[in-house]
Amino acid sequence: MQDITPIILCGGTGSRLWPMSRTQSPKQFQPVGGSGSLTFFQATVQRHRSKGYTKPIVVTAVQHKQTVLQQLSQIQCDATVICEPMARNTGPAVLAAALVLADETPDGLMLILPADHMIAGNLNTPIFNMRQAASDGRIVTFGITPTYPEIGYGYITDGGRFTNYDGLHSVAEFVEKPPISKAVALVNSGASYWASGISLYAASTIIDEFARLEPKTHKAVSQAVTCAERSGDTLLLNPDSFRRAVNEPTERVIFERAKSVALAPIDVEWSDVGCWTSMHSIGMADEDGNVFEGDVIAVDTNNSLVRSDKRLVAVVGMSDVIVVDTPDAVLVTARGKCQDVKKVVETLKSETRRESVAHLSREHHWGTSRQVMTSKDYEMTVLQINAGSSISIDPLPGRQMITGRGELELFDGFSRRKLADGERILLDVSESMSLTNTSNDKVEVILVTMNKSVATELQLDRMSHA
């Protein structure tokens, strides 16, 4: 039977999992069980590396390309990476992956996988059982038996069994995030399933359906793939073409309109980990129902999640709370209110607060950056550059750099020179500079960036004394 290509979708910002998830480092790239564990993305990749699968295709935003490549390297996985120049929901992302796969294997089977879900149980056997149906032109979407009336999930209702495919059912209806009364009725019916976001079909099938049902998007994405910038196994979709694609999920633009769609119920533990309540439910709870990660002391506390990145967090006399401590933000919320965390993120974005965008510390392919101080006048960041790695630092008025101990080489576009320990370099020139760590150890550099008004004053002051 034909092998399956995993298509891993790495979009989304995971705003309800703030402050762990940020725009520049969203949920799928965060560790599942705290520091040192696999990320959600890596766990998804690993789940489908058995016999019967080909190397995956990953679709992600262009700004997350290096993160994807780094996390793939950490688990030694080869993959094709498709970079989207802007977000267009899952529909265009799936079509782009189908077109790339069809270039090599027109009738290749593709398994669509969200990168940020948690799954426990035998998922691969029921997927492999649906290969024949998918090869025959069926769009197979997998449904999870609901355990409670969740209003944040979509539902698929059972339209009856197929006689020629064991375990496959027709679809009576798709229900998108119903009110609680409707969700209760769906669960009580015994004939409805949570929509998992996982689906299986041939690349040619989904391409043909887009051509029939969404011809403008089919044309736009086809052009975006044809005109993509390619570097090895990485593709950057053409932005002028891709932005003309419809901004909708595959379920809405294709599944709800295609006669070939079918339902395959699967019996696994599944969560889309859409909020902190979900994170609590999938964690290893103690006898009091608590899930603790990091340095935590709890007294007279039950049914709570407490997560600390760096420092000690003490909780006393609390029930049904979520406490998430990060170096630059702390979240405290009742378990039943976790869906509203996104309102905090909306406020941060409206005030253009950095806390909605990035963490103080970030990993890069060349090393790490850690913001150590910020004020209305300047920002100070420590760059830790890996041995043999290079970074490019853009010039800004008033920006300067102080080197640490180690062997650093600076290239200003004209010449190269070694830097002394503790040397101070002004970076307000017109061209960016390349900094290379030529030693066998990590080297730290302090980067100071002035804000615009202060930098302008400093620049004018230097000019007046020239």
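Before reading further, recall that the structure is shown in the block above.
Attention here is on the structure that accompanies the text. All residue numbers refer to positions counted from 1 along the written sequence of the respective chain. Side-chain atom pairs in this predicted model are given and counted only at pLDDT of 80 or more, local residue features only at pLDDT of at least 70, and totals for whole chains, interfaces and linings cover all residues. With hydrogens and water stripped out, all remaining heavy atoms of the structure feed into the side-chain values.

**As for the sheet that holds strand β19 (residues 329-334)**
Rules: Strands are treated as partners if at least two bridges between them are detected by DSSP. The secondary structure listing takes helices from DSSP runs of H or I that are at least 4 residues long and strands from runs of E that are at least 2 residues long, numbered from the N terminus. Structural elements are reduced to axes, namely lines fitted to C-alpha atoms, with helices fitted over the stretch in contact, and the angle between N-to-C directions of any two is expressed from 0 to 180 degrees.
Strand order in the open sheet formed by four strands is β14-β16-β18-β19, with mixed pairing between adjacent strands. The two strands at the open ends of the sheet, each matched to only one other strand, are β14 (291-293) and β19. Here the average twist between neighbouring strands, direction ignored, is 5°.

**Focus: the nonpolar core**
Let me state the cut-off plainly: Here, nonpolar core means buried Ala, Val, Leu, Ile, Met, Phe, Trp, Tyr and Cys residues that are tied together by side-chain atoms lying within 4.5 Å of each other. Throughout this description, buried means an accessible area under 20% of the type-specific maximum (1.4 Å probe, protein chains only), exposed means over 50%, and partly exposed covers the range between.
With 45 residues, the main nonpolar core has F41, L111, F142 and L200 as its most contacted residues. Among the elements that line this core, the one with the most residues is strand β9 (residues 192-202), at four residues. If you look at the next biggest cluster of nonpolar residues, it comprises 39 residues, including I7, A97, A98 and V253.

**A word on the packing of aromatic side chains**
We count it as follows: Between the rings of Phe, Tyr and Trp (Trp by its six-membered ring), a pair exists once the centres lie within 6.5 Å; its type follows the angle of the planes, with under 30 degrees stacked, over 60 edge-to-face, and the other angles tilted. By the criterion adopted, a ring carries a charge over it if an Arg CZ or a Lys NZ lies within 6 Å of its centre and within 35 degrees of its normal.
One pass over the full model with this rule turns up eight aromatic pairs. Measuring from centroid to centroid gives 5.0 Å for Y153 and W270, while their planes differ by 65°, and the two rings are edge-to-face. Of this pair, Y153 sits in the loop between β6 (139-144) and β7 (155-161) while W270 sits in strand β13 (residues 269-271); the two residues are 117 residues apart in sequence, bridging distant segments of the chain. Measuring from centroid to centroid gives 6.4 Å for F162 and Y165, while their planes differ by 75°, and the two rings are edge-to-face. One Lys or Arg, R416, reaches over the ring of F411 and ends 4.3 Å from the middle of that ring.

**Looking at the sheet that holds strand β25 (residues 408-411)**
Taken together, four strands build an open sheet; the order of strands is β23-β28-β25-β26 and the sheet is antiparallel. Looking at which strands have only one partner, the edges of the open sheet turn out to be β23 (390-393) and β26 (416-419). On average, each strand axis in the sheet is tilted by 25° relative to the strand beside it, whichever way the strands run. Note that β25 and β26 share four bridges and pair antiparallel. Residue pairing in the sheet places L410 in a bridge with R417 of β26.

**A few points about helix α8 (residues 215-226)**
Stated precisely, the cut-off is as follows: In this scheme, a helix's expected span is set at 1.5 Å multiplied by one less than its residue total.
Helix length check: α8 (twelve residues) gives 16 Å between terminal C-alpha atoms against 16 Å at 1.5 Å per residue, within 8%. For α8, the set of buried residues is T217, A220, V221, S222, A224 and V225.

**Quick notes on the packing of helix α1 (residues 40-47) against helix α2 (residues 65-74)**
Packed helices, taken two at a time, are described by the angle their axes make and the gap between the axes. Short version of the rule: An angle below 35 degrees is treated as roughly parallel, one above 145 as roughly antiparallel, one from 65 to 115 as roughly perpendicular, and anything else as oblique. Handedness of each helix crossing follows the sense of rotation of the near helix against the far helix: counterclockwise by less than a right angle gives left-handed, clockwise gives right-handed. Residue contacts are counted whenever heavy atoms from the two residues lie within 4.5 Å of one another.
Where α1 meets α2, the axes come as close as 10 Å, and the angle between the chain directions of the two elements is 50°. Taken together, the axes of α1 and α2 are oblique relative to one another. The two elements α1 and α2 cross, and the hand of that crossing is right-handed. The residues of α2 that touch α1, namely those facing F41, Q42 and V45, are V68, Q71, L72 and Q74.

**Quick look at the side chain of D325**
Inclusion rule: Nitrogen and oxygen atoms within 3.5 Å of one another constitute a polar contact, given that in protein one can donate a hydrogen and the other can accept it, and given that sequence-neighbouring residues count only through two side-chain atoms.
Note on placement: D325 falls in strand β18 (residues 321-326). For D325, a relative accessible area of 5% gives the class buried. Among the polar contacts made by the side chain of D325, one reaches the side chain of R311 at a distance of 2.9 Å. Residues in contact with D325, not counting those within four places in the same chain, are R307, S308, D309, R311, V313 and V330.

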